Amino acid sequence: MRDGLLMESVIVGFSTLIVGSVLMLMPIKGIWFAYVGTFLVGFITHLLWEAVGANKWFCETKFGS
């Protein structure tokens, strides 16, 4: 297992939990939103990590790129 993978997974897991919880507060009816919402959780979380520079920081810290 790659060094730091467990910590990275925990951070990303909590991030998606927070974004997903916020999306669940939206009053939308119908089962289709479960599928769209799953996509949106990953999409929005990834954009947020990019916006705050966390992806770049992590790659430079762990991989020296």
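The structure contained in this document is the topic of the report that follows. As the structure is a prediction and not an experimental result, all values here were calculated from the model.

### Observations regarding the packing of aromatic side chains
(1) Moving on: Tallied over the entire structure, the rule returns one aromatic pair.
(2) Moving on: Measuring from centroid to centroid gives 5.5 Å for Phe39 and Phe43, while their planes differ by 20 degrees, and the two rings are stacked. Separated by four residues within a single helix, Phe39 and Phe43 lie in helix H2 (residues 32–51), roughly one turn from each other.
(3) Moving on: Owing to a relative accessible area of 55%, Phe39 belongs among the exposed residues under this scheme.
(4) Moving on: Here Phe43 falls in the partly exposed class, since its relative accessible area comes to 42%.

### Quick word on the layout of surface pockets
(1) Moving on: Roughly 250 Å³ of volume is contained in the largest pocket.
(2) Moving on: In terms of lining residues, the largest pocket is bounded by Gly4, Met7, Glu8, Ile11, Val12, Trp49, Ala54, Asn55, Trp57, Phe58, Cys59 and Lys62.
(3) Moving on: Contributions of two or more residues to the lining of the largest pocket are made by helix H1 (5–24) and helix H3 (54–63).
(4) Moving on: In terms of residue count, the dominant contributor to the lining of the largest pocket is H3 (six residues).
(5) Moving on: Of the residues in the lining of the largest pocket, the class split is eight nonpolar, two polar and two charged.

Rules of the game
Residues numbered from 1 in each chain as written. Predicted model: local features only at pLDDT ≥ 70, side-chain atom pairs only at ≥ 80, totals over all residues. Heavy atoms only, no water. Phe/Tyr/Trp six-rings, centres within 6.5 Å; stacked < 30°, edge-to-face > 60°. Helix = DSSP H or I, 4+ residues; strand = E, 2+ residues; numbered from the N terminus. Buried < 20%, exposed > 50% of the residue type's maximum accessible area, 1.4 Å probe, protein only. 1 Å grid on protein atoms, 1.4 Å probe; cavity = no way out; pocket = protein on both sides within 12 Å on 5 of 7 lines; lining within 4 Å. Points joined across faces, edges and corners; volume = space filled by probe spheres on them. Nonpolar A, V, L, I, M, F, W, Y, C, P; charged D, E, K, R; others polar.

Limitation: the analysis is restricted to geometry and does not speak to function.
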